[in-house]
Amino acid sequence: DNEGRFITTGLWAWSRHPGTDNLAATRGRRVAQPQKDKNMTTWVLVADNARARFFAAEKAASPLSELRDLAYPEARLHEGDLVTDKGGRDRNSSTGGAHGLGTESAHKHDGADRFAQQVCDELESARTGGQFEKLYVVAAPTFLGLLRKHQSAALRQLVAGEVDKNLSTKDPATIRKQLPDFL
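Residues numbered from 1 in each chain as written. Predicted model: local features only at pLDDT ≥ 70, side-chain atom pairs only at ≥ 80, totals over all residues. Heavy atoms only, no water.

*Asks:* How should the sheet that holds strand β4 (residues 42-47) be read in this particular structure?
*Replies:* Pairing between the strands of a sheet comes from backbone hydrogen bonds, and it takes one of two forms, parallel or antiparallel. Within the open sheet, the 5 strands sit side by side as β6-β5-β4-β9-β10. Their pairing is mixed. Two strands bound the open sheet, and with one partner strand each, they are β6 (65-71) and β10 (159-163). Direction aside, the axes of adjacent strands within the sheet are offset by 15° on average. Two elements, strand β9 (residues 134-139) and β10, share 4 bridges in a ladder whose sense is parallel. Note that in β10 the partner of Leu135 across the bridge is Val159. Along the sheet face, helix α3 (residues 141-150) touches β4, β9 and β10 and points at about 140° away from the line of β9. (Pairing = 2+ DSSP bridges. Helix = DSSP H or I, 4+ residues; strand = E, 2+ residues; numbered from the N terminus. Axes fitted to C-alpha atoms, helices over the stretch in contact; angles between N-to-C directions. Contact = heavy atoms within 4.5 Å.)

Here it is, written out as C-alpha cells:
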C-alpha cells in the first residue's frame, strides 16, 4: 500500500495523497508527508450587526466551544443617538408639502459595514495563522451580505456553508443544531 508515501524517480518526487489515486510531483524537493490523524479544526462564525461570536469544533461531530466574542455596541443605539444634526428638509412646490432629505439609517448601515470589515479582518488573520481549515458562517441575512462583501477570495474558499439566521444570542447547543451533523 503506497497511500501517503513518497515514490522517488530520479529528480522527481511523487507523493500519493491518502484516499485518492492522485499523485503530486515536485522536482528537486520532497513533498511533506500527509498526516493521517491530523485533526481538522472547523470554525463557526455567528454574527449580526452588533455582535460576532467565534466558535471552534475540533472534530466533525464535536460540540462548539466559544473562542472569542466581538461587540459593536453602537449598532444597538437609535439613529438619533448616532448623529447630532437633523436631516435637511425639502419643499415640494406642486403639493406644498415638505419631506426630509438624507438617508434615515445611513449611519447604522455604515457602522454595520465597518463591523463586518472588522469581523472579516479577524477571520483573515486567523486564516493566515492556520487556526482553521473550514468555516461555517451563521449570520442575520443583511449582515451576511456585508460579510460576503468583505471576505477575501482565499477566505471565501474556506467557507463550507452559510446559514442566514440571526442566532448571535443563542447558546452553543442551539447553534450547533443549525449546522450539519458532521462539520
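*Asks:* What is the right way to look at the environment of Phe55 in this model?
*Replies:* Mapping Phe55 onto the fold places it in strand β5 (residues 51-57). Judged by its relative accessible area of 0%, Phe55 falls in the buried class. In this structure, the C-alpha to C-alpha distance between Phe55 and Leu45, residues 10 residues apart in sequence, is 6.4 Å. With residues near it in sequence (within four places) discarded, Phe55 still touches Thr42, Trp43, Val44, Val46, Leu64, Ser65, Glu66, Leu67, Pro172 and Ile175. (Buried < 20%, exposed > 50% of the residue type's maximum accessible area, 1.4 Å probe, protein only.)

*Asks:* Quick question: what am I supposed to make of the packing of aromatic side chains here?
*Replies:* Scanning the model with the defined rule gives 4 aromatic pairs in all. Pairing Trp43 with Phe54 gives two aromatic rings, centres 6.1 Å apart and planes at 65°, and the pair type is edge-to-face. Of this pair, Trp43 sits in strand β4 while Phe54 sits in strand β5, placing them 11 residues apart in sequence. Taken individually, Trp43 and Phe54 each receive the classification buried, so the pair is uniform in this respect. Look at Tyr72 and Phe115: their rings are 5.5 Å apart centre to centre, the planes differ by 20°, and that puts the pair in the stacked class. Here Tyr72 is found in the loop between β6 and α1 (79-82), whereas its partner Phe115 is found in helix α2 (residues 106-128), with 43 residues between them in sequence. (Phe/Tyr/Trp six-rings, centres within 6.5 Å; stacked < 30°, edge-to-face > 60°.)

*Asks:* What exactly am I supposed to notice about the side chain of Asp48 here?
*Replies:* Residue position: Asp48 is located in the loop between β4 and β5. In terms of polar contacts, Asp48 uses its side chain to reach the backbone amide nitrogen of Ala50, at 2.9 Å. A distance of 2.8 Å separates a polar atom in the side chain of Asp48 from the backbone nitrogen of Arg51. (Polar contact = N/O pair within 3.5 Å; in protein donor to acceptor, adjacent residues only side chain to side chain.)

*Asks:* Please clarify how the environment of Trp43 should be interpreted in this entry.
*Replies:* A relative accessible area of 3% means that Trp43 is categorised as buried. Separated by 91 residues in sequence, Trp43 and Lys134 have C-alpha atoms that sit 6.3 Å apart.

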